[in-house]
Every structure is written in structure tokens, then in C-alpha cells.
Amino acid sequence: MAGQVTPTKSALINTKKSLNLAKVGYELMDRKRNILIREAMSLIDVANEIQQLIDITYSEAYKALQRANITLGINDEAALSVPIDNGVNIKYHSVMGIEIPSVEYVEKPEKNYYGIINTRASLDEAYAKFDKVKKLTVKLAEIENSVYRLASAIKKTQKRANSLKNITIPKLEHDVKFINESLEEKEREEFSRLKVIKESR
């Protein structure tokens, strides 16, 4: 605290420098937080749109599957003929120093895996709808993960900004005031001492 600060001119210069740096640091943190909040809010809007589209497409896909089951019966062979899809690649890019995932879905050429002899158009429709849901889910996963990372970064940035604003800057301002007052008091004492010496001669 103030009692730990040595009231010298060099201490005053250093403390003023630290105070200026702290103020600049706070402004940068505040700007960074605002940019991250804007980025997160825009992604949340996109995520909401995709989620609504997924809900609609899922509903359509299950209705199409229901129609296929009614006309064809439960066709396990058709389901098993569709291979597991692992065409998802994840890369990262930086937004204000935060690693954000970029999920790339590598589409395979369209192919009828289950044949057309023992199936109907309703099964093709169900397959197409579920395929669309899969692609939308990949995009939603990317956005939700990005929002989570941004929210975590916003929380850390806010904590640092608050620490600078409420602890570091007030302490440094207090120290500057304390050093100034101490130096002024020393100057008055020195002036009085010199005056007494001069008068005694």
C-alpha cells in the first residue's frame, strides 16, 4: 500500500509510468471485450437460425422415414448399407488471440447405397433430409464451440479489465498522490529549515 512506496522523485516517475500503462491496458482490454462480445452475439444469432432449420428438417426427415417404414416396413438392410461418415476436418483460426475452430465437412459424391429395386422415393427423401441435418449439425457444432470459447475469453478479459479498473489503477493513483504529498511536505520542511539557518546567521 502507500506505506510501502518510497516517496522519491524516481518512484513518482515510475509510478506515473505504471499508471499510464495500466490505463492503456484497461482501454485495450475493454476494446477487446467489446469486439469479442460482438463476435459472440453475431454467432449466437446464426446458431439460433441453424437450430431452427435443424428442428424443421428433423421433423420432415422423421415424417419421410415414417412414410418409408409404412410402405417398405423397417428396412434394416438399407440402413446398414449406408457407410459411417467421417468426413469432418477441424482447423483453427485466431480471433483476438482466441483459437476458434473451423469445421470443414468433406462431402462425398452423391450415391445410392441401398439400391432402387426394393426401395421407394420416400426412403430417398428421408435419407436426403437426414443428410441435410448432418451437415447443419456439423455447422452448428462449429458455431456453438466458437461461442463457448469466446464466452470463456470474454469472462477472462472482463476479470482482467475489472482488476485494472478497480484495483490496480486506484492503487497507483493513490500511490502517486501519496508520493506527491510526501515530496511537497519534504520541500516545505527543507524550505523551513533553510529559512531558519539563514535567519540564524
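Details of the packing of aromatic side chains
Going through the model one piece at a time under the given rule, you end up with 3 aromatic pairs. Their ring planes at 75 degrees and their centres at 6.2 Å tell us that tyrosine 58 and phenylalanine 130 sit as a pair that is edge-to-face. With tyrosine 58 in helix α1 (residues 9–72) and phenylalanine 130 in helix α3 (residues 121–200), this residue pair connects regions lying 72 residues apart in the sequence. Ring centres of tyrosine 62 and phenylalanine 130 lie 5.2 Å apart, and the angle between their planes is 90 degrees; on these two criteria the pair is classed as edge-to-face. Residue tyrosine 62 is located in helix α1, and its partner phenylalanine 130 is located in helix α3; the two are separated by 68 residues in the primary sequence.

Considerations on unusual backbone geometry
For methionine 96, which is not glycine, the phi dihedral falls at a positive 55 degrees. With respect to the helices and strands, methionine 96 occurs in the loop between β1 (88–95) and β2 (98–105). Its relative accessible area of 40% is what places methionine 96 among the partly exposed residues.

Some words on the side chain of glutamate 142
If you trace the backbone, glutamate 142 turns up in helix α3. With residues up to four places along the chain from it excluded, the contact list for glutamate 142 reads Pro101, Ser102 and Val103.

A short note on a nonpolar patch on the surface
On the surface, Ile37, Met41 and Ile44 cluster together into a nonpolar patch covering about 230 Å² of accessible area. Classification of methionine 41 by relative accessible area gives partly exposed; the value is 48%.

Things to note about the pattern of salt bridges
Inspection of every chain in the model, using the stated rule, returns 10 salt bridges. In this structure, the salt-bridge partner of aspartate 131 is lysine 134, at a minimum N-O distance of 2.9 Å. In this pair, aspartate 131 and lysine 134 both sit in helix α3, 3 residues apart, roughly one turn of the helix. Note on aspartate 131: relative accessible area 17%, which makes it buried.

Here we look at the nonpolar core
Of all hydrophobic cores here, the largest spans 17 residues; its most connected members are Leu36, Ile50, Ile54, Ile143 and Leu150. Counting only elements with at least two residues in this core, the list comes to α1, β2 and α3. By residue number, the principal contributor to this core is α3, which donates 8 residues. Residues contacting leucine 150, with those up to four places away along its chain left out, are Leu36, Glu39, Ala40, Leu43 and Ile100.

Notes on the environment of tyrosine 127
Assignment of secondary structure puts tyrosine 127 in helix α3. Sequence separation between tyrosine 127 and leucine 65 is 62 residues; the distance between their C-alpha atoms is 8.1 Å.

Structural notes on the environment of alanine 161
Inspection of the secondary structure puts alanine 161 in helix α3. On the basis of relative accessible area, alanine 161 is assigned to the buried category, the value being 2%. With 139 residues separating them along the chain, alanine 161 and alanine 22 place their C-alpha atoms 9.7 Å apart.

What about the confidence of the model for the chain?
Confidence along the chain averages 85 in pLDDT terms, with 87% of residues attaining 70 or more. Taken element by element, the predicted model of the chain shows its lowest mean pLDDT in helix α2 (residues 76–81) (65) and its highest in α1 (91).

A closer look at the pairing of β2
The pairing of β1 with β2 spans 8 bridges and is classified as antiparallel. Residue pairing in the sheet places tyrosine 92 in a bridge with proline 101 of β2. Hairpin connection, β1 to β2: the antiparallel pair is bridged by 2 residues, and methionine 96 has positive phi, about 55 degrees.

What counts, and where the lines are drawn
In every chain, residue numbers begin from 1 and rise along the written sequence. The predicted nature of this model means local features are confined to residues of pLDDT at least 70 and side-chain atom pairs, given and counted, to a pLDDT of 80 or more, with totals for whole chains, interfaces and linings taken over all residues. With hydrogens and water stripped out, all remaining heavy atoms of the structure feed into the side-chain values. When two rings of Phe, Tyr or Trp (its six-membered ring) have centres within 6.5 Å they constitute a pair, described as stacked for plane angles under 30 degrees, edge-to-face for angles over 60, and tilted for the intermediate range. For the purposes of this entry, the term helix denotes a DSSP run of H or I that reaches at least four residues, the term strand denotes a run of E that reaches at least two, and both are numbered from the N terminus. Only protein chains enter the accessibility calculation, which uses a 1.4 Å probe; a residue is then buried when its area is under 20% of its type maximum, exposed when over 50%, and partly exposed in between. Pairs of residues are marked as contacts when any of their non-hydrogen atoms sit within 4.5 Å. Think of a patch as exposed residues, more than 30% relative accessible area, with no salt bridge, where like charges cluster within 9 Å and nonpolar side chains (Val, Leu, Ile, Met, Phe, Trp, Tyr) cluster within 5 Å. For accessible areas, the Shrake-Rupley method is used with a probe of radius 1.4 Å. Any residue's cover is judged against the shown protein chains and nothing else. The rule for a salt bridge is simple: a side-chain nitrogen of Lys or Arg has to be within 4 Å of a carboxyl oxygen of Asp or Glu. For the purposes of this section, nonpolar cores are sets of buried Ala, Val, Leu, Ile, Met, Phe, Trp, Tyr and Cys residues that join through side-chain atoms within 4.5 Å. The predictor attaches a confidence to each residue, and that confidence, scored 0 to 100, is pLDDT. Paired strands, in this sense, are two strands between which DSSP finds at least two bridges.

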